[in-house]
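If you want the building blocks of each chain, they are given just below.
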Amino acid sequence: MAKTKNGHTKHPSVYLTKRKLAIAARAGVRKAAVETMQLMGYTIIADHGWVVKKYADGHIEKISPIESVNTNGILALD
């Protein structure tokens, strides 16, 4: 194992990478969506520029359009 400047040993399995975080977040969102659908009978999502209510039987009800935002620049997410 490699040691850091302060003498501690690095443990690769302890570090949270962006990829692992993204995978865990997607899995959590999917699980929450399934549980919400079972509990409420619908879930609210964004779909093709609209906020919509998606019902357990598959039909979709449009709630409102999503306004586009002109950033005129670079959007940094990290």
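It should be noted that the structure appears before, not after, this text.
Residues numbered from 1 in each chain as written. Predicted model: local features only at pLDDT ≥ 70, side-chain atom pairs only at ≥ 80, totals over all residues. Heavy atoms only, no water.

**Here's the deal with the pairing of strand β3 (residues 60-65)**
The line we're drawing: Two strands form a pair only when DSSP identifies at least two bridges running between them. Helix and strand definitions follow DSSP, with helices as H or I runs of at least four residues and strands as E runs of at least two, each counted in order from the N terminus.
When strand β2 (residues 50-55) meets β3, the two strands line up antiparallel, connected through 5 bridges. Counted as the bridge partner of Trp50 is Pro65 from β3. Between the antiparallel neighbours β2 and β3 lie 4 residues, among them Gly58 with a positive phi of about 105°.

**Points about the pairing of β2**
Along any regular strand, the residues point their side chains to alternate faces of the sheet. With 6 bridges connecting them, strand β1 (residues 42-47) and β2 associate as antiparallel partners. Bridge pairing in β2 links Thr43 to Lys54.

**Quick word on the sheet that holds β3**
Rules: For helices, the fitted axis covers only the stretch in contact; all axes are lines through C-alpha atoms, and the angles between them, taken along N-to-C directions, range from 0 to 180 degrees. Two residues qualify as a contact provided that any one of their heavy atoms is within 4.5 Å of a heavy atom in the partner residue.
One open sheet holds the 3 strands; their spatial order is β1-β2-β3, and the pairing between them is antiparallel. In this open sheet, the two strands that pair with only one neighbour each are β1 and β3. Between one strand axis and the next, the sheet turns by 25° as a mean value, whatever way the strands run. Sitting on the sheet, helix α1 (residues 18-40) touches β1 and β2, and the angle it makes with β1 is about 135°.

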